[in-house]
Amino acid sequence: KAKEDAGTSFQLYNHNMNLQVNEKIFMENNLRRAIENQELTVYYQPIIDIKTGKIKKAEALVRWEHPEDGIISPAKFIPLAEETGLIIPLGSFVLKEACQQLQDWINMEYHPIEISVNLSAQQFHKSNLKETVDNILDETGLNPELLGLEITESIAIQNVESTISVLNEFKNMKVKILLDDFGTGYSSLSYLVKFAVDIIKIDRSFITNFPHHSKRSAIVSAIIAMANKLTMKTVAEGVESWDKIKCLNEYKCDEAQGYLFSKPIPAKEFENLLKNNIEFKMQA
Ligand code: C2E
Ligand code: MG
Ligand code: MG
Ligand code: MG
């Protein structure tokens with residue numbers, strides 16, 4: 001009896017594994033085609049200056065416009081892209097698109113903003129990222145000081161020495177570095193000293209339920225105070241209500257990003273915000 005069960009479960013396990021492998025190959029081929037067929041597009045989410053209520057930056061966030069399935073979120077395909085190396089062409093596409101878009105907006109003489117682009121570990125450690133960024137800045141003519149690159153703590157700890165040297169190269173180029181999802185990774189505070197980071201993005205998980213949750217409030221205010229002492233700026237991610245803005249302002253947080261202001265939107269919609277010189281009333 002026991003033997004029979006073992007046999008059955010072994011077969012099930014095997015069957016599931018095959019399914020997973022097939023599904024992965026299917027998805028990988030789909031994603032490869034999507035990149036070739038230009039089904040990928042970039043959405044933009046505004047990052048707001050808490051003091052003035054003006055748009056300070058846009059974060060570029062990739063979307064997959066699938067011809068049948070509609071918009072697919074990056075959470076569904078970035079991990080696969082990472083695993084298969086497709087993240088390298090995908091990442092270059094987003095970087096190029098975002099830099100070109102910002103340069104177009106600058107040429108239209110809208111209220112000036114900066115652009116922020118997410119990087120993945122593969123891009124950071126397994127490609128000639130500096131050369132790619134150099135070329136894109138050249139081709140688009142974008143001022144390097146207007147470009148920010150978002151890295152996560154997990155990228156940074158994969159290879160500390162290489163991270164330090166790549167970040168220093170970007171510092172020399174005057175490209176800004178943002179530490180994304182701060183507080184959720186495994187890194188130690190000493191990395192804030194070693195790495196040339198300009199801006200800390202406080203992870204959404206700390207902002208959710210804050211300011212009512214006293215422990216989270218304490219952490220948020222301590223992160224901001226620490227960043228200020230290190231002469232780094234701070235962005236609060238995932239801001240969905242005004243009570244948070246009031247608190248963040250008291251703690252001296254610089255910028256805020258979240259559904260309270262806008263979800264990530266297509267370039268044309270973002271352009272309307274700039275065109276109308278949108279300014280949020282910081283009714284804190
Ligand atoms: P992220 O870099 O931390 O980006 C912020 C995510 O939080 C975005 O999700 C955004 O839509 C979401 N968000 C912003 N404000 C709020 C809010 O108020 N409430 C809630 N619930 N969510 C909010 P999205 O666009 O789905 O992207 C998810 C993640 O996928 C990003 O997290 C980033 O890690 C990754 N990603 C997106 N685009 C790219 C890309 O071009 N390259 C790489 N390597 N990763 C990307
Ligand atoms: Mg980000
Ligand atoms: Mg983030
Ligand atoms: Mg995040």
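Under an unreviewed UniProt entry, the protein has the name Periplasmic sensor diguanylate cyclase/phosphodiesterase and belongs to Orenia marismortui.

Engineer: Describe the site of ligand 1, with residues and values.
Structural biologist: Inspection of the region around ligand 1 gives 22 residues, with Arg63, Asn118, Asp180, Glu240 and Tyr259 positioned closest. With respect to ligand 1, the side chain of Gln45 contributes an N or O atom lying 3.1 Å from a nitrogen atom. In this structure, Arg204 approaches ligand 1 through a side-chain N or O atom, which is 3.3 Å from a nitrogen atom. Listing elements by their share of the shell around ligand 1, those giving two or more residues are strand S2 (55-66), helix H2 (74-84) and strand S6 (176-182). Broken down by element, the shell around ligand 1 gets its largest block of residues, four residues, from S2. Looking at the shell around ligand 1 residue by residue, the class counts come to nine nonpolar, five polar and eight charged.

Engineer: Lay out the pairing of strand S8 (residues 233-236) in plain terms, naming residues and giving numbers.
Structural biologist: Looking along a regular strand, one sees side chains alternate from face to face of the sheet. Summarising the sheet, strand S7 (residues 199-202) and S8 pair through four bridges and their orientation is parallel. The residue bridging Ile200 from the neighbouring strand is Thr234, located in S8. The pairing of S8 with strand S9 (residues 255-256) spans two bridges and is parallel. Counterpart to Val235 in the pairing with S9 is Glu255. Read from S8 through helix H11 (residues 242-250) to S9, the crossover connection turns out right-handed.

Engineer: Go over the coordination of the magnesium ion (ligand 3) with me, naming the residues and quoting the values.
Structural biologist: Within the protein, Asp180 (OD), Asp181 (OD) and Glu237 (OE) serve as the donor atoms for the magnesium ion (ligand 3), at 1.8 to 2.3 Å. Counting residues between consecutive donors of the magnesium ion (ligand 3) along the chain gives the motif D-D-x55-E. The metal-metal distance between the magnesium ion (ligand 3) and the magnesium ion (ligand 2) comes to 3.7 Å, with Asp180 coordinating both. In this pair, Asp181 is assigned in strand S6 and Glu237 in the loop between S8 and H11, connecting sequence segments 56 residues apart. Taking relative accessible area as the criterion, Asp181 reaches 26% and is therefore assigned partly exposed.

Engineer: How would you sum up the packing of helix H5 (residues 129-140) against helix H7 (residues 160-173)? Please name residues and give values.
Structural biologist: Between H5 and H7, the least distance of the axes is 10 Å, while the angle of their chain directions is 20 degrees. Relative to H7, H5 is oriented roughly parallel. Handedness of the H5/H7 crossing: right-handed. Contacts from Leu129, Lys130, Val133, Asp134 and Leu137 in H5 reach Glu169, Phe170 and Met173 in H7.

Engineer: Please provide a residue-by-residue account of unusual backbone geometry, values included.
Structural biologist: Excluding glycine, residues mostly have negative phi values, and the peptide bonds linking residues are mostly trans. Cis geometry is found at the peptide bond from Phe210 to Pro211, where omega equals 10 degrees. By the element assignment, Pro211 lies in the loop between helix H9 (204-207) and helix H10 (214-229). One non-glycine residue with positive phi stands out, namely Glu109, at about 60 degrees. With respect to the element layout, Glu109 can be found in the loop between helix H3 (87-107) and strand S4 (114-118). Even without a glycine there, the phi angle at Asn209 is positive, about 75 degrees. Turning to its location among the elements, Asn209 is positioned in the loop between H9 and H10. A residue is classified by how much of its surface remains accessible, and Asn209, at 46% relative accessible area, is partly exposed.

Parameters and conventions
- Residues numbered from 1 in each chain as written.
- Chains lettered and ligands numbered in written order.
- Predicted model: local features only at pLDDT ≥ 70, side-chain atom pairs only at ≥ 80, totals over all residues.
- Heavy atoms only, no water.
- Near = heavy atom within 4 Å.
- Polar contact = N/O pair within 3.5 Å; in protein donor to acceptor, adjacent residues only side chain to side chain.
- Helix = DSSP H or I, 4+ residues; strand = E, 2+ residues; numbered from the N terminus.
- Nonpolar A, V, L, I, M, F, W, Y, C, P; charged D, E, K, R; others polar.
- Pairing = 2+ DSSP bridges.
- Right-handed = clockwise from strand over helix to strand, strands pointing away.
- Donors = N, O, S within 2.8 Å, 3.2 Å for Na, K, Ca; no water.
- Buried < 20%, exposed > 50% of the residue type's maximum accessible area, 1.4 Å probe, protein only.
- Axes fitted to C-alpha atoms, helices over the stretch in contact; angles between N-to-C directions.
- Parallel < 35°, antiparallel > 145°, perpendicular 65-115°, else oblique.
- Left-handed = near helix turned anticlockwise from the far one by under 90°.
- Contact = heavy atoms within 4.5 Å.

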